[in-house]
Amino acid sequence: MSDDIRKKVFEIIAEQAVLEVSEIAPEHSPQDLGLDSLALVESIFAIEEAFGIEVPFNANAPQQGDFDISSIAAIAAAVERLVAEQRGA
Amino acid sequence: MRRVVITGAGTINPLGHSVSETLAAMRAGRSAIGPLEIRDAGRLSVRIGAQVRDYVAEEHFSRQQLGLYDRFTQFALLAAAEALAQSGLPFPDGRTERAGVVLGTAGGGVGTWDESYRAVYEEGRNRVHPFVVPRLMNNAAAGHVSMRWNLKGPSFSVATACASSNHAMGLAAQMIRAGQAEVMLAGGSEAMLCFGGIKAWEGLRVMSRQACRPFSADRDGMVQGEGAAVFVFEEYEHARTRGAEILAEVAGFAMTSDAADIVMPSREGAARALAGALADAGLAPEQIGYINAHGTGTAANDRTECAAVADVFGAHAGRLMISSTKSMHGHLIGGTGAVELLACIMALREGVIAPTVGYRAPDPECPLDVVPNTAREARVEAVLSNAFAFGGFNAVLALRRA
């Protein structure tokens, strides 16, 4: 399950960044991949749609809201946690 | 050159159903932002807004009229009536072929769209009200104001998102200067506090769920409002000859485009609009005592706006006052510049600067005098009103004491 989530998050980020999944490293930040604020908002929308979850993210205060976007690995981990919480898995 | 003055003002917005109620709320620093009371509010993640309260449309309009008037049109008609009453103009009689109306709105009849989509998609009906098109069109409000007051000169609507009202008022002033009209009703109206209207904004992730705190270090986004304000713009000699009371002079206007990003503001584009308005008005930076900020309460706008003001005003940036009344009436989107012009007129006429309420902590990136939390008495000779819209469109008005 966890590997599936991580794989899907990487695919979503790759599509937004117009990159191959193989080009994305876990330690990359969204900025490293050229994702601007609009692309980040669209990525989070895609994540919410893909997993059926609500992501607490405010573009005015991206560091707040308990959703770590400092790296792709951090985003994947946060999504795993939200899926577990919100689906009761 | 022909000069343009303001001889009437009218409004209905979250702070009040008239200019006097609105200015009293601004003086008191009272915020109208609160829990949204709309259909399906429970399905929203953003549940606060600044609504026009205690408003009963049937007290103002007949059933036949309400069949044609979306909420944004109702607001515009009420504001226009108050403004014209103050002006003392004889409309619908008089030389109305030399008078027109320009109103800004970003969304037009959003509530009409929302209800009609519900009917056909959610409820599965195959029929909508026959007047859906004339209700929802962006120029409906301007059209009904023209019809109600027999204004037969140039009239149209302007849609430049959050700068719609400022563009409308600036264009109206230019038309009087150019000799195309003697009188123009100008301002803006917006009514998108319905489920679909708020859902759309939610998606952008720039809305606060707590409060609108412009320039405060802990700000976390904008809060939507609704309402309208309309002004009577009049050629100076025309107003003087008939002995009208002049509220302020529309001294200058400038508009620029960032040509950069559809949502992120540009310091350079904003600065060029500020400098352009000063130049058009023939004002030196040191003559500006107050700026009504765009001040949305988003991280990006407030930081960028303060930097642009610093670029244009230099050392004087630290001496002038700048406040965002959106902290009280919310962001009226296409109607916002019009309601905010009321704060500018109050500053010039009454010497009262409306505050930025909800301010809790200074932000080093917004190091200006934002008139935090409490209104202030100060004599000012000239003011600016900023609007910076999605699309990268900037529109700044300059007003001078009458």
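Attention here is on the structure that accompanies the text.

Here is what the cut-offs are and how they apply
Residues numbered from 1 in each chain as written. Chains lettered and ligands numbered in written order. Predicted model: local features only at pLDDT ≥ 70, side-chain atom pairs only at ≥ 80, totals over all residues. Heavy atoms only, no water. Contact = heavy atoms within 4.5 Å. Buried area = accessible area lost by both parts, 1.4 Å probe. Salt bridge = Lys/Arg side-chain N within 4 Å of Asp/Glu carboxyl O. Helix = DSSP H or I, 4+ residues; strand = E, 2+ residues; numbered from the N terminus. Buried < 20%, exposed > 50% of the residue type's maximum accessible area, 1.4 Å probe, protein only. Polar contact = N/O pair within 3.5 Å; in protein donor to acceptor, adjacent residues only side chain to side chain. Pairing = 2+ DSSP bridges. Axes fitted to C-alpha atoms, helices over the stretch in contact; angles between N-to-C directions.

## A look at the interface of chain A and chain B
The interface of chain A with chain B comprises 11 residues on the first partner and 13 residues on the second. Both faces considered, chain A and chain B share a buried interface measuring about 900 Å² in area, 46% of it formed by carbon and sulfur atoms. At the boundary of chain A with chain B, the tally comes to one salt bridge. Linking A:Glu48 and B:Arg205 is a salt bridge whose minimum nitrogen-to-oxygen distance equals 2.6 Å.

## Here we look at the side chain of B:Thr296
All names here are of chain B. Its place among the elements puts Thr 296 in the loop between strand E9 (288–292) and helix H11 (299–313). For Thr 296, a relative accessible area of 5% corresponds to the buried category. For Thr 296, the side chain forms a polar contact with the side chain of Thr 298, separated by 3.0 Å. With residues near it in sequence (within four places) discarded, Thr 296 still touches Cys 212, Gly 221, Met 222, Asn 301, Asp 302, Lys 326 and His 331.

## Thoughts on the sheet that holds strand E7 (residues 227–235) of chain B
Within a sheet, neighbouring strands are paired by backbone hydrogen bonds and run either parallel or antiparallel to one another. Residue and element names in this part refer to chain B. On the basis of which strands lie adjacent, the open sheet formed by 10 strands has the order E5-E4-E6-E7-E1-E8-E14-E13-E9-E10 and mixed pairing. Two strands lie at the open edges of the sheet, namely strand E5 (155–158) and strand E10 (321–323), each paired on one side alone. On average, each strand axis in the sheet is inclined to that of its neighbour by 25°, with strand direction left out of account. Relative to E5, strand E4 (residues 99–104) is paired through four bridges, and the arrangement is parallel. Bridge pairing in E5 links Leu 103 to Ser 157. Relative to E4, helix H6 (residues 140–149) is tilted by about 155°, and along the sheet it contacts E4, E5 and strand E6 (183–190). The strands touched by helix H13 (residues 336–350) are strand E1 (4–12), E6, E7, strand E8 (248–257), E9, strand E13 (382–389) and strand E14 (393–400); relative to E13, the strand with the most contacts, the crossing angle is about 165°.

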